[in-house]
Structure formats: C-alpha cells, structure tokens
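Breakdown of the fold
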Amino acid sequence: MMKIGVLGLQGAVREHVRSIEACNAEAVVVKRVEQLEGLDGLIMPGGESTTMRRLIDRYGFFGPLKEFAESGKPMFGTCAGLILLARQIVGYDEPHLGVMDVIVERNSFGRQKESFEADLNIAHVGDHFNAVFIRAPHIVEAGEDVEILAKHNDRIVLARHGRFLGCSFHPELTDDHRLTAYFIEMVKESKEKAVI
Ligand code: GLN
C-alpha cells in the first residue's frame, strides 16, 4: 500500500486524507518533520500559502521539504500547495520551495470569482471533473518539461512537471477521487522505478 503524507500545518488536510483513503492508500497527517520519513509521496494542501510558509519555517520544515522534493518522491500541490511548489510567484521576489517549473499568480480569478466551480476535461484523468476553486492561483507560465493537463477559460489550472503535480483548485472537496488516484499512480510508478 502506498503511504501518502498530507502536510498538516494548515488548510484542507482532513479532506485529502479522506480522498487518499478512498483510493486505498495509507494517509499520514504530517505535523512533525520525522513523519516525512518513510512516505512514498506528499500532498501540500490548499489553505493560505503565506500562513503555511510561516508554519513551515516555525516548525523547521523548510529544509526537510526541499530534501523530500530532491529525493525524487512525488509531490502534489493543491491551490496554496501549488504556490509553495512553484519556481516563481508573480509580484514576489522569492519563491517558497521553488521546485516545480511554473510561474503562478495568486488570487488570480478576480474578486467576483473568489470561489466557483468548473467542469474540467483533464488529460490522462477524464472528462467532467467538477473542480472547486477558492481564491485560486493559476499557472501563467510553464517550463518546457511541464505537461499541461487542464485549462479553464484558457488558463492553466493543472500541470505536471515530472514528479511534481500542481493544481489551482481543490480536488479533495468532492467525491470524485480521480485526480488523487492519478497522483497515487505517479507515486507507484516512481516507487517501482526506485526499486529497479
Ligand atoms: N489564495 C490562497 C493563497 O494565496 C490560496 C487559496 C487556497 O488554497 N484555496 O495562498
């Protein structure tokens, strides 16, 4: 069984756990650095990226998360989690982890659209994915090794860069677990490769 961590400092943690378990994988809420040990993959949830970063620093997670990213294990950033993974954030001098080759813009769907739902067609995953966006960022630019998996109104809202997956929306808030299952598949493949 794959063991998937959810960074548990802030945000929509429980919902990811539920989704991971619905995909028959083991979920671990990661609140201490030692819990990163032994995970096969890690989800960075949605919430508020500035607050999450503050907590990452306070609890000594910054270095260990960077190491986790460099270790080759897959990471999935949803909403604020995507902002934490991105190489660059529009309007900011420094990224957070800066490991995924995308440029993101925060809160980029406008005030009237603080939260909305959209019906997405997702490459490799399927059609009619009901995506929930909450003060969502979007990907304004993606590097050449990044595969764009979904767009909404011409904006990139889901992309994969090797072992990094990032989306603008909250895939864990509905009962459609296909995107979580896709990530767990990435984790399985990466684990199998690591063994060979
Ligand atoms: N607007 C939040 C941020 O910038 C992200 C929102 C979310 O994760 N739902 O961190």
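Residues numbered from 1 in each chain as written. Predicted model: local features only at pLDDT ≥ 70, side-chain atom pairs only at ≥ 80, totals over all residues. Heavy atoms only, no water.

- For the protein, an unreviewed UniProt entry supplies the name Pyridoxal 5'-phosphate synthase subunit PdxT and the organism Rossellomorea aquimaris.

1. A closer look at the site of the ligand
- Around the ligand sit G46, G47, E48, S49, C79, A80, I83, R106, N107, I134, R135 and H170, and that is every residue in its neighbourhood.
- One of the backbone N or O atoms of I134 is found 2.9 Å from a nitrogen atom in the ligand.
- Bound to the protein, the ligand loses 96% of the 300 Å² it would expose on its own.
- Classifying every residue of the shell around the ligand by side-chain character gives four nonpolar, five polar and three charged. (Near = heavy atom within 4 Å. Polar contact = N/O pair within 3.5 Å; in protein donor to acceptor, adjacent residues only side chain to side chain. Areas by Shrake-Rupley, 256 points an atom, 1.4 Å probe, with all protein chains shown as cover. Nonpolar A, V, L, I, M, F, W, Y, C, P; charged D, E, K, R; others polar.)

2. Topic: the side chain of D176
- Checked against the element boundaries, D176 lands in the loop between β12 (164–167) and α5 (178–195).
- Judged by its relative accessible area of 19%, D176 falls in the buried class.
- In terms of polar contacts, D176 uses its side chain to reach the side chain of R178, at 2.8 Å.
- Excluding anything up to four places from it in sequence, D176 contacts H128, F129 and P171. (Helix = DSSP H or I, 4+ residues; strand = E, 2+ residues; numbered from the N terminus. Buried < 20%, exposed > 50% of the residue type's maximum accessible area, 1.4 Å probe, protein only. Contact = heavy atoms within 4.5 Å.)

3. Quick notes on the nonpolar core
- One finds I4, L120, I122, F133, L158, F169 and L179 to be the most contacted residues of the largest nonpolar core, which totals 35 residues.
- Counting residues per element, the ones that place at least two in this core are β1 (3–7), α1 (13–22), β7 (115–122), β8 (126–134), β10 (146–152), β11 (155–161), β12 and α5.
- For this core, the element with the most residues is α5, which contributes six residues.
- Core analysis: the next-biggest nonpolar cluster, separate from the first, contains 33 residues, L65, I139, I156 and A159 among them. (Core = buried A, V, L, I, M, F, W, Y, C linked by side-chain atoms within 4.5 Å.)

4. Topic: the UniProt feature "binding site: L-glutamine" (unreviewed entry) in the protein
- Sites flagged by UniProt as "binding site: L-glutamine" (unreviewed entry) map to G47, E48, S49, R106, I134 and R135. A maximum C-alpha distance of 12.8 Å places the annotated residues, which cover 89 residues in sequence, within one compact spot.
- Along the polypeptide, E48 turns up in the loop between β3 (41–44) and α2 (49–58).
- Setting aside its immediate chain neighbours within four residues, E48 contacts Q10, A80 and R106.
- Relative to the helices and strands, I134 resides in strand β8.
- Sequence-distant contacts of I134, that is, excluding residues within four places in its chain, are made with C79, E114, S115, H170 and L173. (UniProt positions renumbered as here; feature names shortened; annotations may be inferred.)

5. Points about unusual backbone geometry
- Phi at H128 is positive, roughly 50°, even though this residue is not glycine.
- Checked against the element boundaries, H128 lands in strand β8.
- Even without being glycine, N153 reaches a positive phi, approximately 45°.
- Along the chain, N153 falls in the loop between β10 and β11.

6. Remarks on the UniProt feature "active site" (unreviewed entry) in the protein
- In this structure's numbering, the residues bearing the UniProt feature "active site" (unreviewed entry) are C79, H170 and E172. Of the residues just listed, which span 94 residues, no C-alpha pair is farther apart than 11.0 Å, and they cluster in one region.
- Note on placement: C79 falls in the loop between β4 (75–78) and α4 (80–85).
- Among the residues examined, C79 registers a relative accessible area of 3% and is labelled buried.
- When sequence neighbours within four positions are dropped, the list of residues in contact with C79 reads G46, I134, A136, P137, C167, S168, F169 and H170.
- Structurally, E172 can be placed in the loop between β12 and α5.
- Beyond its immediate sequence surroundings of up to four residues, E172 is in contact with A12, E15, H16, R18 and T78.

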